[in-house]
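Okay, here's what each chain looks like letter by letter:
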Amino acid sequence: MPEITEGVYFIPGQDDFIPDAHVYVIGDAGSQDLSIIDAGLMGKGGYKVQSIQKMGIRLEDIKRIIMTHTHLDHIGCLSEIRERIPHAELWVHVVEADPLEKGDDRTVYGMEMFRSMCQSQYGLGPDAFTFTVDRKLQGGETLDIGAMTWAVLHVPGHSAGSVALYHAENKVLIPGDVVYADYAIGRFDLHGADGATLKNSLMRLGELDVSILLPGHNRVVKDVPEGYILSTARQWAPYLG
Ligand SMILES: [Zn+2]
Ligand SMILES: [Zn+2]
């Protein structure tokens, strides 16, 4: 099975004219307790599920889908994936879970102009992104899943309910769209975003010991230089208020 590192499988996003989020599958293959991190853009669910199967992972072993956050490029094909894996629970940070359950999709679309454009482009109805969330994450949890231990960090700023997953033992960080490779960071102009808050979240991530950086888009980094995230945070700090 093509593991990017022990207990982490990588399915690269297939960008359209909108980016498609990467999917990571985490957990020890033998545990029969695997988790999908994020879903992706509308229409990419089939590709993501096929990729999981091609890696030799059985869909019945996927126990949950954990969202780093609920932007359209991450949650767009959640329904498509759940059709194929209906038993999988949905775990989302409480700040974005509550609106999702109420059908408040302002975070999903990020801005009004984008909502109308996407609804007509993809034929999405007004209730396309109403979901029941099985577990509302708070940040600060330790998840013992798939024979691994992952810490959940609430890292708002790119979106209000962004979470990062951190495996301390192997120094693996899955930060969603908060920080990317090549000293890039997530945008902070969408609904629920805030530059100063993002700065604090980046500084917190900068304190972690990270060797493997697995962001929501673009390059994954398997040999993160020491202080990489901290210098990314410092570089951006003057622009973040
Ligand atoms: Zn995002
Ligand atoms: Zn994204």
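Quick note: structure is the one above.
Residues numbered from 1 in each chain as written. Chains lettered and ligands numbered in written order. Predicted model: local features only at pLDDT ≥ 70, side-chain atom pairs only at ≥ 80, totals over all residues. Heavy atoms only, no water.

1. Quick notes on the sheet that holds strand β4 (residues 34–37)
- What the seven strands build is an open sheet, ordered β1-β2-β3-β4-β5-β6-β7; its pairing is mixed. Each edge of the open sheet carries a strand with a single partner, namely β1 (3–5) and β7 (135–137). When the angles between neighbouring strand axes are averaged without regard to direction, this sheet yields 30 degrees.
- Across three bridges, the pairing between strand β3 (residues 23–26) and β4 is antiparallel. Looking at the pairing, isoleucine 26 lines up with serine 35 of β4.
- Against the sheet, helix α1 (residues 45–54) engages β2 (8–11), β3, β4 and β5 (62–66), with an angle of about 140 degrees to β2. (Pairing = 2+ DSSP bridges. Helix = DSSP H or I, 4+ residues; strand = E, 2+ residues; numbered from the N terminus. Axes fitted to C-alpha atoms, helices over the stretch in contact; angles between N-to-C directions. Contact = heavy atoms within 4.5 Å.)

2. Things to note about the packing of helix α7 (residues 195–206) against helix α8 (residues 228–236)
- As a packed pair, α7 and α8 sit with axes 7 Å apart at the nearest point and diverge in direction by 160 degrees. In terms of orientation, α7 lies roughly antiparallel with respect to α8. When you trace α7 past α8, the crossing you get is left-handed. Of the residues in α8, those in contact with Leu202, Met203, Leu205 and Gly206 of α7 are Ile229, Leu230, Ala233 and Arg234.
- A per-class count over the contact of α7 with α8 returns six nonpolar, one polar and one charged. (Parallel < 35°, antiparallel > 145°, perpendicular 65-115°, else oblique. Left-handed = near helix turned anticlockwise from the far one by under 90°. Nonpolar A, V, L, I, M, F, W, Y, C, P; charged D, E, K, R; others polar.)

3. Section: a negative patch on the surface
- Together, Glu3, Glu6, Asp28 and Glu169 give the surface a local cluster of negative charge.
- Within the secondary structure layout, glutamate 3 lies in strand β1.
- Here glutamate 3 falls in the partly exposed class, since its relative accessible area comes to 39%. (Patch = residues over 30% accessible without salt bridge, like charges linked within 9 Å, V, L, I, M, F, W, Y side chains within 5 Å. Areas by Shrake-Rupley, 256 points an atom, 1.4 Å probe, with all protein chains shown as cover. Salt bridge = Lys/Arg side-chain N within 4 Å of Asp/Glu carboxyl O. Lys, Arg positive; Asp, Glu negative; His and termini not counted. Charge placed at Lys NZ, Arg CZ, Asp CG, Glu CD. Buried < 20%, exposed > 50% of the residue type's maximum accessible area, 1.4 Å probe, protein only.)

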